[in-house]
Amino acid sequence: SMASVWRGLLCGRRAEVFEDCRRLLGESLRRLRNQPAGKTTAEIRSGIAFVETLAMRWDAVPDAVDASMIDFIADEDPMRFEIAHTRWLRLWADWHLGRWKDMRAMAEEMIQDASRRNDSYQQMMATTGFGGNALLYSDDVDRLQRLADQNGRIATDTDNVELVQFYHRLKSVQQSINLAN
């Protein structure tokens, strides 16, 4: 499934490539239809969610994420890193679809779950990028700043700009705009 995600990422937004990626992932799921839900089916469904996100088909992302979550959770050893990555796509989709209530609920659920399990990575995923906007919509700027400070302590410095730094900056811009208003 990751091959389809990478192909979608590098295709230059060509619709026919996204359609082919969806088709290949769908065929993979059909071949596994007699297998119990678990890691393998979850990763394929997660791949579908990523391809839909890359294609900016926001209305298809929530269902793909939800289906993936069901399969990840059905596995006897849920993969928290993959779950956090996939759930995060739902925050982006809800942002683009204007589903503020859903976005706030998902971000809050991710933050609470991260706190309960001491999962700094999931907390960072839920509070940077568009995820940070969920707290801004809840008018909880102070909490967002506290969580951003915690996130800053776990980030690594590789001398390269990494995606997480971009999302942190995006959150900072949104927070500054919110404070200016």
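Residues numbered from 1 in each chain as written. Predicted model: local features only at pLDDT ≥ 70, side-chain atom pairs only at ≥ 80, totals over all residues. Heavy atoms only, no water.

A. View of the overall build of the chain. In terms of regular secondary structure, the chain is built from ten helices and zero strands. Beginning at the N terminus, the succession of helices and strands in the chain can be written as α-α-α-α-α-α-α-α-α-α. A burial count over the chain gives 45% of its 181 residues as buried. Of the roughly 10,100 Å² of accessible surface on the chain, a fraction of 51% belongs to carbon and sulfur atoms. (Helix = DSSP H or I, 4+ residues; strand = E, 2+ residues; numbered from the N terminus. Buried < 20%, exposed > 50% of the residue type's maximum accessible area, 1.4 Å probe, protein only. Areas by Shrake-Rupley, 256 points an atom, 1.4 Å probe, with all protein chains shown as cover.)

B. Geometry of the environment of Ala-15. Tracing the backbone through its elements, the reader meets Ala-15 in helix H2 (residues 15-31). A relative accessible area of 51% places Ala-15 in the exposed class. Remark: the alpha-carbon pair of Ala-15 and Ala-55, spanning 40 residues in sequence, is separated by 7.5 Å.

C. A look at the packing of aromatic side chains. Evaluation of the coordinates by the stated rule reveals four aromatic pairs. In this structure an aromatic cluster arises from ring pairing among Trp-95, Trp-100 and Tyr-137. (Phe/Tyr/Trp six-rings, centres within 6.5 Å; stacked < 30°, edge-to-face > 60°.)

D. Representation of the nonpolar core within the structure. With 41 residues, the main nonpolar core has Val-61, Val-65, Phe-72, Trp-88, Leu-89, Leu-91 and Met-110 as its most contacted residues. Taken together, the elements giving at least two residues each to this core come down to H2, helix H3 (39-54), helix H4 (61-74), helix H5 (80-97), helix H6 (100-117), helix H7 (120-127), helix H8 (131-137) and helix H9 (141-154). Residue contacts for Leu-89: discarding those within four places in its chain leaves Ala-49, Phe-50, Thr-53, Val-61 and Val-65. (Core = buried A, V, L, I, M, F, W, Y, C linked by side-chain atoms within 4.5 Å. Contact = heavy atoms within 4.5 Å.)

E. Up close: H7. Here H7 lies mainly inside the structure; six of its eight residues are buried. Of the residues making up H7, those classed as buried are Gln-122, Gln-123, Met-124, Met-125, Ala-126 and Thr-127. The N-capping residue of H7, defined by a side-chain oxygen 3.2 Å from the backbone nitrogen of Tyr-121, is Asp-119. Immediately downstream of H7, the backbone of Gly-129 shows phi near 60°, a positive value. (Polar contact = N/O pair within 3.5 Å; in protein donor to acceptor, adjacent residues only side chain to side chain.)

Everything listed here is a matter of coordinates, which is why it stays silent on function.
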